[in-house]
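# Architecture and fold: a report
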Amino acid sequence: MAKEKKRSVSCHCFFLLTAKCCWLLTSMQKTEAQEHAHSIRLEGDIILGGLFPVHARGERGVACGELKKEKGIHRLEAMLYAIDQINKDPDLLPNVTLGVRILDTCSRDTYALEQSLTFVQALIEKDASDVRCANGDPPIFTKPDKIIGVIGASASSVSIMVANILRLFKIPQISYASTAPELSDNTRYDFFSRVVPPDSYQAQAMVDIVTAMGWNYVSTLASEGNYGESGVEAFIQISRESGGVCIAQSLKIPREPKPGEFDKIILRLLETSNARAVIMFANEDDIRRVLNAAKRNNQTGHFLWVGSDSWGSKIAPVVQQEKVAEGAVTILPKRASVDGFDRYFRSRSLANNRRNVWFAEFWEENFECKLGSHAKKLGSLKKCTGLEKIGRDSTYEQEGKVQFVIDAVYAMAHALHRMHKELCTGYIGLCPRMSSIDGKELLSYIRAVNFNGHHVSWEFQSFTQGSVSGGEFRSAGTPVIFNENGDAPGRYDIFQYQITNRSTAEYKVIGHWTDQLHLNLDAMRWTRGDPSIPASVCSVPCKPGERKKIVKGVPCCWHCERCEGYHYQANEFSCELCPYEQRPSENRTGCQPIPIIKLEWHSPWAIVPVFISMLGIIATTFVIVTFVRYNDTPIVRASGRELSYVLLTGIFLCYAITFLMIATPDMAVCSFRRIFLGLGMCFSYAALLTKTNRIHRIFEQGKKSVTAPKFISPASQLVITFSLISFQLLGVFIWFAVDPPHTIVDFGEQRTQDPENARGVLKCDISDLSLICSLGYSILLMVTCTVYAIKTRGVPETFNEAKPIGFTMYTTCIIWLAFIPIFFGTAQSAERMYIQTTTLTISMSLSASVSLGMLYMPKVYIIIFHPEQNVQKRKRSFKAVVTAATMSSKLTQKGSDRPNGEVKTELCESLETNTSSTKTTYVSYSNHAN
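In this convention, every chain numbers its residues from 1, walking through the sequence in written order. This being a predicted model, a pLDDT of at least 70 is required before a residue's local features are given, and a value of 80 or more before pairs of side-chain atoms are given or counted; all residues contribute to the totals for chains, interfaces and linings. The side-chain quantities take in all heavy atoms of the structure and omit both hydrogens and water.

Moving on, we come to the overall build of the protein chain. Strands here mean DSSP runs of E at least two residues long; helices mean DSSP runs of H or I at least four residues long; both are numbered from the N terminus. When helices and strands are tallied, the protein chain shows 25 helices and 32 strands. Using a 1.4 Å probe on the protein chains alone, a residue whose accessible area is under 20% of its type maximum counts as buried, one over 50% counts as exposed, and one in between counts as partly exposed. Taking all 930 residues of the protein chain together, the buried fraction comes to 50%. When contacts within the protein chain are restricted to residue pairs at least 6 apart in sequence, those whose partners lie at least 24 apart make up 69%. To be clear on the numbers: accessible area is Shrake-Rupley with a 1.4 Å probe, and residue cover counts the displayed protein chains and nothing else. Roughly 43500 Å² of accessible area belongs to the protein chain as shown, and the carbon and sulfur atoms make up 56% of that amount. We call two residues in contact when some of their heavy atoms are within 4.5 Å.

Next comes the structure, spelled out in C-alpha cells:
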C-alpha cells in the first residue's frame, strides 16, 4: 500500500511539473500519521487554520523545546475563545459554524513550514485510480480538512516561510504578531495581512524615542531572521535619513547560538562603551539570554535597552533578571485587555479543556506539579490534583497579543460574513457558491474589513497630557482596518520596566506613538529610581565657543575645537571671523563691539607732557609780558623785537599743541591739529632762520664792501619770516582740500592676540606720512637754520645772538634725532598711541624750552635782576661793526698758524683795542636798526 501511495505521489508531481510539490507531498506523507497528535481540531462548516509558538525552539537537533505559557497557550486559547464567541453570536455568520485546525510552530520557521503542509492537503487532488489494496478493493483515504484561511503565524520568519506556501494555493493569511517590513511587499506576499503594524512604523517610533532621549550613539541587536534583521535594517535606514543617530555596532544573534555566544555579544557591545543604548529586535528567548549574559558579566545598569514589540510588556524575558532589565524602554502595538478572555481563561481546567492537547503540559508548567507517570515535568514535584485554579493558585496576566489574535479571527469572520451576505442572500447556512471558497475573492473581503472590536468589552490604558490613566468602556476597541498592502495602521504604547520603592518590578506606560511621539519624560525612572536621563552619546556636547570637528564616517562623533583669536562660533560646525570692529563675546558665541579708547587727561602719559606744557606756557607768557613791559630797552631792541615776538608766538604754539594732541578727537580738534601741529615750529624756525640768515649776509657782505646788504630791516625780516610761514599754511590748506579732516577709530593699533585686550583708538585721520609731511617743512627750516648757525659760529661773542642760536639749533637737532627712532620704533607696540603722542608733545615742548631758555631767559634775567646792564653803551656804524668782525675773523685765522702764547697775546691786545670794557656790550646799527 505504501508503494502505491508513492506511485500516486510521483504521478501527481509529474502532473504539477514542480519539484517543490514533490517535496511537499512527500513531507505530508511522513507527517500524516502524527498530525492529529500535535494539533487541535474542531469540526465546523468553515475551517480556519491556526499557527502558534506553543513551544520554544529546541536545542541540539530537537525540534521543540520548553512550553511557552503566555506566548503560546494564551494566544492559542485566544483563538479558541474567539471561535466560541463567533459561533455563539447570532448576528455574525448566523447558522454557520467555524472550526479550527491549530498547529504548533515550535518557534522555528522550518518546522512551521513542515506543519503548515496540513493546510494544503485538501487542495491537492490525489489520483488513486491505479492503487488497489491487497484484496483488490480501492483504497479509502481520510478526507483532509479544507482550510480556507490561516490565523498566524507569530514570528515574522515563520510567517514569511508559510506565506510562500499559502500564496501558491491562494489561502489568505492574517497574522497577529508578525511585523517584518518585508511582509508589506504585496507582490510577494499578496495573500498576507496582519492586524499589527509593520516594523517600519515601529522603527520610526523607536528612532523618535531615541531622539527624544537625546541619544545619538546606539548599537543594534537582532535575532537572525526576517523579523530581527528587517527591523534593524528599517531602524538604521530611518535613523540615517532623519540624521542625528549613529550606529556604533550592529550585531546579529545566530539562529543556533553556540555556547558562550551571548557573552561574546555583551563583550562586543562593551567595545563601544559610550553607546549604552541597545536597540533590540530579537525574539523572546534571545532577549532573555542577552539579559542573562549581561548579568553574568556584571553589566547591570550599564546598558539602556530599547526593545521592540517582541519584548513589549512580557514577563518571561525579565523573570529573575529584573535588575539588569531595569529602565528598559519597550514598545507594543496599542492594545486593549479583553475582560471576557480573562474570565474564560481563569475558568479553564483539565476537565473542561480537553480540546487543547497541550493544556495538560501547561497545567504542569503553570502549577509546578506533575500529572501521572507520563508527565512532562520530571523531578520531585508534587502531584497535580486537577483542582488547581488559574489566577488563584498561580499568577496570571493576559499576554500582550491576545487582543490581536482575537482581532485576526474576527477579521476573518467579518470577511466571511460579508461574503456570505453577498453570495448567499437569504440562504440559511452555506450556499453552494460558498461550498468551495475562492481564496482570492475572500482576500478582497478581508482587505475591506473595518470594525471596532464590538465583540468584547475592553479595558484600556490611555496617555493624556503627560499622565497615565485607566478606564473601561464596553462598546469599542481598537479599530481593525487594512491598507492596500494588508498592513494595520501604526499605533503603539510605550512602556518602561521600572522597579518601585517597594522593590516590585512592573511595566509602566510612559507614552504612545500615533504618527508622532508623545512621551512623558517625567514619568521615566532609571537605575535606583533616578529620573535624570542617562547618556548614550559618542561625544559630549561642545562648550559654548567650541566647534564640532566631525570624525570621518561617524557624524555623531566629534572633537571639540575652541574658536581662537577673533573667531566666534557661527554654528556648531564652524567658527567665523568677527567683523574688524568687533571681538568675540566672553563665551565666543557671538561678537561684540571693541571698546573705544583715547588718551585721557588723567593718564600718566598725558599728565607729564601737560605739566611740561603748562610750565612752558607760563614761562613763555612771562617772557612776552617782560618784553612788552621793557619793549624800548636796549636788550629788547637789540634782540630784534619783531622777530622775537614771532619766535615767542611759535614757542607758545609749540607748548599749546600738547592740549590739542590730548583733547578728545572731533572735527574741530582734528582741524586745529592739522593747522597748529607744524605751525608753532614753523613760526619758531622761520624767525630763527631769518635771524641767522641776516647775520650771515651781514658779515659776508662786510668781507666784500662796507655797503649794507638788502632786506635786513625789521619790516623786511617780517616779510621774509611770514613768507616762509605761508608755505606751511599753504600746504595745510591743500591738505584740507584733498583730505578733509575727520576722526577715525583705529582697530588695528591695539589689535592684540588676546581679543580681551583689544581696543579701538579714537584719533584724527592723520597718518604717519601726513605727520612727517606736516612737520617736514618745519624740520627743513630747522636744518637750514642749523646750517646758518654753523656758518655764523665765528661771529664775536658780543655780537647779537649768533652763538645762542647755534647752541639752540644743535640741541634741537639732538632732540628730534632722538624723537624719530622712538616715534617710529614703537609703531607695532600696543602702547603706540600713548608713546607716540607723549613723545611728540614732549619733543615739541623741549624744543620750545631750549629756544626759550637759551635765547630769552638770559635777557629776562638781565632785564629784571641787572637793569644796570640794560643800557645802551654807544652806537656804532655798520662800517665799524664790519671792521670789528673782520679783525676778529683775521685774528681767529691767524691763531691757527701761531703758538698758543702768541695767539693769546695778540687776541687780547686786539680785543682791548676794539672794546672799552670786558662787560657785555649790546650793539645796534644806527643806520638800519631802531
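What follows concerns the sheet that holds strand 22 (residues 505-513). One bridge is not enough; two strands pair if DSSP finds at least two bridges between them. With mixed pairing, the eight strands of this open sheet are ordered in space as 10-9-11-12-13-21-22-23. Two strands close off the open sheet at either side, each with one partner strand: strand 10 (246-253) and strand 23 (517-519). Neighbouring strand axes in the sheet, compared pairwise and without regard to direction, differ in orientation by 25 degrees on average. Where strand 13 (residues 329-333) lies against strand 21 (residues 492-499), five bridges are found, and the strand directions are antiparallel. In this analysis, axes come from line fits to C-alpha atoms, helices being fitted only over the stretch in contact, and the angle between any two N-to-C directions falls in the range 0 to 180 degrees.

The rule is short: rings of Phe, Tyr and Trp, with Trp giving its six-membered ring, pair when the centres are within 6.5 Å, and they are stacked under 30 degrees, edge-to-face over 60, tilted in between. Summed over the entire model, instances satisfying the criterion amount to 24 aromatic pairs. Three or more aromatic residues joined by ring pairs form one cluster here, namely Tyr81, Phe341, Tyr344, Phe345, Phe359, Phe362, Trp363, Phe367 and Tyr396. The lysine or arginine in question, Arg629, covers the ring of Tyr630, its NZ or CZ lying 5.1 Å from the ring centre. Placement of a charge over a ring requires the Lys NZ or Arg CZ to be within 6 Å of the ring centre, with the centre-to-atom vector within 35 degrees of the ring normal. The ring centre of Tyr856 lies 5.9 Å from the NZ or CZ of Lys859, which sits over that ring.

Take helix 19 (residues 714-738) next. Helix span is expected to be 1.5 Å times the residue number reduced by one. Along its 25 residues, helix 19 runs 36 Å from first to last C-alpha, staying within 8% of the 36 Å computed at 1.5 Å per residue. By the burial criterion, the buried members of helix 19 are Ser716, Gln717, Thr721, Leu724, Ile725, Gln728, Val732 and Trp735.

Looking now at the sheet that holds strand 30 (residues 596-597). Within a sheet, adjacent strands bond to each other through the backbone by hydrogen bonds, running parallel or antiparallel. Taken in spatial order, the three strands line up as 30-32-31 in an open sheet, and their pairing is mixed. Each end of this open sheet is capped by a strand with a single partner; those strands are strand 30 and strand 31 (743-750). Here strand 30 runs beside strand 32 (residues 759-764); their pairing, made up of two bridges, is parallel. When the bridges of strand 32 are listed, Ile597 appears paired with Val761. Each of strand 30, strand 31 and strand 32 touches helix 22 (residues 832-855); the most contacted strand, strand 31, lies at about 115 degrees to it.

Attention shifts here to the packing of helix 17 (residues 641-662) against helix 22. Here helix 17 crosses helix 22 at 160 degrees, and the two axes come no closer than 9 Å. As far as their axial angle goes, helix 22 and helix 17 are roughly antiparallel. Where helix 17 crosses over helix 22, the two elements pack in a sense that is left-handed. On the side of helix 17, the interface is formed by Leu647, Leu648, Ile651, Cys654, Tyr655, Ile657, Thr658 and Met661, while helix 22 contributes Thr837, Leu840, Thr841, Met844, Ser845, Ala848, Ser849, Ser851, Leu852 and Leu855. Here the residues of the contact of helix 17 with helix 22 are counted per class, giving 12 nonpolar, six polar and no charged. To sort the angles, those under 35 degrees are grouped as roughly parallel, those over 145 as roughly antiparallel, those from 65 to 115 as roughly perpendicular, and the leftovers as oblique. Crossing handedness: left-handed means the near helix sits turned counterclockwise from the far one by under a right angle, and right-handed means the same turn made clockwise. For this classification, Asp, Glu, Lys and Arg are treated as charged, while Ala, Val, Leu, Ile, Met, Phe, Trp, Tyr, Cys and Pro are nonpolar and the rest, including Gly, are polar.

Turning our eyes to something else, we now look at the nonpolar core. One finds Met79, Leu98, Ile174, Phe341, Leu416, Met434 and Leu442 to be the most contacted residues of the largest nonpolar core, which totals 67 residues. Ranked by residue count, the leading element in this core is helix 13 (residues 402-423), at 14 residues. Nine residue types can take part in a nonpolar core, namely buried Ala, Val, Leu, Ile, Met, Phe, Trp, Tyr and Cys, and a core is a set of them joined through side-chain atoms within 4.5 Å. Core analysis: the next-biggest nonpolar cluster, separate from the first, contains 53 residues, Leu653, Ile657, Leu771 and Leu855 among them.

On to a nonpolar patch on the surface. A cluster of nonpolar residues, Phe622, Tyr861, Ile864 and Phe865, forms a patch on the protein surface that exposes about 420 Å² of accessible area. Among the elements that take part in the nonpolar patch, helix 23 (residues 857-865) stands out by supplying three residues, more than any other. Within the secondary structure, Ile864 sits in helix 23. Within the patch definition used here, like charges are joined within 9 Å and nonpolar side chains (Val, Leu, Ile, Met, Phe, Trp, Tyr) within 5 Å, considering only residues with over 30% relative accessible area and no salt bridge. Should a side-chain nitrogen of Lys or Arg be within 4 Å of a carboxyl oxygen of Asp or Glu, the pair is scored as a salt bridge.

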